[in-house]
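# Secondary and tertiary structure notes
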Amino acid sequence: GAEALLPRASSFNVAIRTCGEAGQPRAALALLRHMRSLDVKRSLLTYNAALGAMAQGGCWEEATELLAEMGRERVKPTLISFNLALDACAKAARGDAAMDLLQQLRGSRRLAPDVVSYTSVITAFSRAGDVAPVLGLLGAMEEGGTAEPDDFTWSSAVAACDRAGEWAQALALFRGLRAAGGATS
């Protein structure tokens with residue numbers, strides 16, 4: 001008899017990544033679930049492809065659930081995994097969810113947040129026009145020394161002030177950025 005040809009994990013990984021690039025996060029999740037139903041092993045590459053799809057679509061709830069699922073499946077998330085989930089939170093303007101993920105990263109023994117992590121959280125709050133946490137995170141970055149704010153970080157912080165109508169604070173941040181050697185144009 002004819003045997004059914006089952007796709008390998010690598011084929012699923014490519015298909016999941018392609019769904020993300022095409023802006024089809026739901027299709028990416030459906031493929032991930034189909035892998036489970038076929039008992040095809042899901043690896044770090046699989047989950048990061050799915051997290052990338054969630055980031056593209058701003059699907060923050062699904063992204064945080066995927067991180068939790070990785071833990072249950074004994075697949076250790078990397079900093080890239082967390083940053084993809086943080087990007088999903090940023091696109092959805094979900095500062096609260098992003099802050100929860102940042103706290104998980106800060107509490108990790110093997111991972112530490114980087115400038116991308118902090119900038120995603122700042123962007124999430126910025127898109128919601130929530131200035132106080134943005135300023136707190138900038139301060140934490142400058143004091144902590146583990147992640148130096150870059151032009152994207154500062155721009156997102158200035159945008160938060162703008163959205164909140166805090167023009168004086170935006171100007172102060174911009175002056176601080178120029179003093180630090182950024183935003184020369």
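None of the values given here were measured: they were computed from a predicted structure.

The rules behind each value
- Residues numbered from 1 in each chain as written.
- Predicted model: local features only at pLDDT ≥ 70, side-chain atom pairs only at ≥ 80, totals over all residues.
- Heavy atoms only, no water.
- Helix = DSSP H or I, 4+ residues; strand = E, 2+ residues; numbered from the N terminus.
- Expected span 1.5 Å × (residues − 1).
- Buried < 20%, exposed > 50% of the residue type's maximum accessible area, 1.4 Å probe, protein only.
- Arc of directions from axis to C-beta.
- Polar contact = N/O pair within 3.5 Å; in protein donor to acceptor, adjacent residues only side chain to side chain.
- pLDDT = per-residue confidence, 0-100.
- Contact = heavy atoms within 4.5 Å.

## Examining helix H9 (residues 151–163)
In a regular helix each residue adds 1.5 Å, so 13 residues correspond to 18 Å; H9 covers 18 Å between its end C-alpha atoms and thus fits that length. Within H9, the full set of buried residues consists of Thr-153, Trp-154, Ser-156, Ala-157, Ala-160 and Cys-161. The buried side chains of H9 occupy one side of the element, clustering within an arc of 165° when seen end-on. Exposed and facing more than 90 degrees away from the buried side of H9 are Phe-152 and Asp-162. Regarding H9, its N-cap is Asp-150, as a side-chain oxygen of that residue lies 3.0 Å from the backbone nitrogen of Phe-152 further along. Remark: Gly-165 follows H9 within two positions and exhibits a positive phi of approximately 75°.

## Looking at the confidence of the model for the protein
Averaged over the protein, the pLDDT score is 90; the fraction of residues at 70 or greater is 91%. Per-element confidence in the protein is highest for helix H5 (residues 79–91), whose mean pLDDT is 98, and lowest for helix H10 (residues 167–179), whose mean pLDDT is 77.

## Side note on helix H6 (residues 95–106)
Under the 1.5 Å per step criterion, the end-to-end length of H6 is 16 Å for 12 residues, consistent within 8% with the ideal 16 Å. Within H6, burial applies to Gly-95, Ala-97, Ala-98, Leu-101, Leu-102 and Leu-105. For H6, the angular spread of the buried residues around the axis is 160°, confining them to a single face.

## Brief notes about the side chain of Ser-126
If you trace the backbone, Ser-126 turns up in helix H7 (residues 115–127). Once residues within four sequence positions are removed from consideration, Ser-126 is found in contact with Val-134, Ser-156, Ala-159, Ala-160 and Arg-163.

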